[in-house]
Amino acid sequence: NPLPDGFVYIDAKIPGVVYEIRYAGSNNFIGKPVRGYKAAQAILSEPAARALARVQQEFIRKDYMLKIFDAYRPQTAVNHFIEWARDRNDTLMKSKFYPKVAKKDLFEFGYIASRSGHSRGSTVDLTIIHVENCEEVDMGSSYDFFGEISHHNTSQITEEQRKNRELLKSIMRKYGFRSYSEEWWHYTFTPEPYPDTYFDFPVK
Ligand SMILES: C[C@@H](N)C(=O)N[C@H](C)C(=O)O
Ligand SMILES: [Zn+2]
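So, how was this worked out
- Residues numbered from 1 in each chain as written.
- Chains lettered and ligands numbered in written order.
- Predicted model: local features only at pLDDT ≥ 70, side-chain atom pairs only at ≥ 80, totals over all residues.
- Helix = DSSP H or I, 4+ residues; strand = E, 2+ residues; numbered from the N terminus.
- Rg over C-alpha atoms; globule rule 2.2 N^0.38 Å.
- Buried ≥ 20, exposed ≤ 12 C-beta atoms within 10 Å, placed from the backbone.
- Contact = placed C-beta atoms within 7 Å.
- Near = placed C-beta within 6 Å.
- Nonpolar A, V, L, I, M, F, W, Y, C, P; charged D, E, K, R; others polar.
- Expected span 1.5 Å × (residues − 1).
- Arc of directions from axis to C-beta.
- Pairing = 2+ DSSP bridges.
- Axes fitted to C-alpha atoms, helices over the stretch in contact; angles between N-to-C directions.
- Core = buried A, V, L, I, M, F, W, Y, C linked by C-beta atoms within 7 Å.

## Things to note about the overall build of the protein chain
1) Next: Along its length, the protein chain carries 5 helices and 7 strands.
2) Next: Scanning the protein chain from its N terminus toward the C terminus, one meets helices and strands in the order β-α-β-β-α-β-α-α-β-α-β-β.
3) Next: The C-alpha radius of gyration of the protein chain comes to 16 Å, within 12% of the 17 Å expected for a compact globule of 204 residues.
4) Next: C-alpha atoms of the protein chain, sized along the principal axes, occupy 45 × 45 × 30 Å.
5) Next: Expressed as a percentage of the 204 residues in the protein chain, the buried residues total 35%.
6) Next: Partitioning the intrachain contacts of the protein chain with sequence separation of at least 6 by distance along the chain shows that 73% fall at a separation of at least 24.

## Brief notes about the site of ligand 1
1) Next: In the vicinity of ligand 1, the residues found are Asp70, Gly110, Tyr111, Ile112, Ala113, Ser116, Gly117, His118, Asp125, Asp144, Glu183 and His186.
2) Next: Tallied by class, the residues present in the shell around ligand 1 amount to 3 nonpolar, 5 polar and 4 charged.

## As for helix α3 (residues 75-86)
1) Next: Over its 12 residues, α3 extends 17 Å from the first C-alpha to the last, a length consistent with the 16 Å expected when each residue adds 1.5 Å.
2) Next: What α3 keeps buried is the set Ala77, Val78, Phe81 and Trp84. Looking straight down α3, one finds its buried side chains confined to an arc of 115°; they lie on one side. Facing away from the buried side of α3 by over 90 degrees, the exposed positions are Glu83 and Arg86.

## Regarding the sheet that holds strand β4 (residues 64-70)
1) Next: Read across the open sheet, the 5 strands follow the order β2-β4-β5-β7-β6; overall the sheet is mixed. With partners counted over all chains shown, the strands left at the sheet margins are β2 (18-19) and β6 (177-180), one partner each.
2) Next: Set on the sheet, helix α5 (residues 159-174) makes contact with β5 (123-130), β6 and β7 (183-189); between it and β6 the angle comes to about 145°.

## Re the pairing of β4
1) Next: Most of β4 is tucked away, with 5 of its 7 residues classed as buried.
2) Next: When β2 meets β4, the two strands line up parallel, connected through 2 bridges. Considered in β4, the bridge of Tyr19 is made with Ile68.

## Details of the nonpolar core
1) Next: Ranked by internal contacts, the top residues of the largest apolar core, which has 46 residues, are Ile10, Ile43, Leu44, Leu52, Ile68 and Ala71.
2) Next: When residues in this core are grouped by element, the largest group, 6 residues, is from helix α2 (residues 46-61).
3) Next: Ignoring sequence-local partners within four residues, the contact set of Ile68 consists of Ile10, Val17, Tyr19, Ala42, Val124 and Leu126.

In structure tokens:
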């Protein structure tokens with residue numbers, strides 16, 4: 001599928017990455033596929049993908065690989081999140097993804113953005129896995145768990161889990177990705193090539 005100029009499919013550029021594109025399926029905080037995801041694909045701006053390729057190379061030297069949960073996110077998908085949040089009766093996935101945070105606070109507390117860096121094309125949600133068994137490295141909370149335990153400065157995780165988050169953060173930073181205090185998995189490449197544009201082409 002042709003992409004807009006300046007965007008690439010990550011799997012065409014970076015060998016060995018594992019994908020679990022959560023919003024294309026139902027294992028996410030909404031509990032169903034999110035609008036705008038027509039395929040389980042990961043797309044990024046070219047500069048972000050080039051930098052991520054270097055991250056992957058460095059992790060492979062350390063016997064880890066990247067696992068990607070989300071990358072470019074169409075504004076249509078963000079609008080679906082906003083619509084979902086307005087329906088206070090739909091708490092289908094609360095126990096798994098936001099047990100201690102009221103649904104009405106998810107945007108205000110910074111767990112979901114109505115203008116997301118993901119839509120600007122240079123933000124990625126990811127973790128690292130062990131090369132030998134493809135198991136996720138223990139980060140102390142799971143992807144899209146909205147709560148204090150997912151913050152970088154939480155006191156609710158073990159030293160080992162903190163070290164694992166630091167490992168991911170240090171290599172991501174080395175290649176230009178900025179971390180996000182509320183979510184250990186969320187990184188934005190800087191300088192962003194499209195800092196003011198919220199794209200809305202589908203993921204397919
Ligand atoms: C929803 C979560 N995966 C995420 O990416 N949150 C940030 C704040 C965002 O929506 O940009
Ligand atoms: Zn994110």
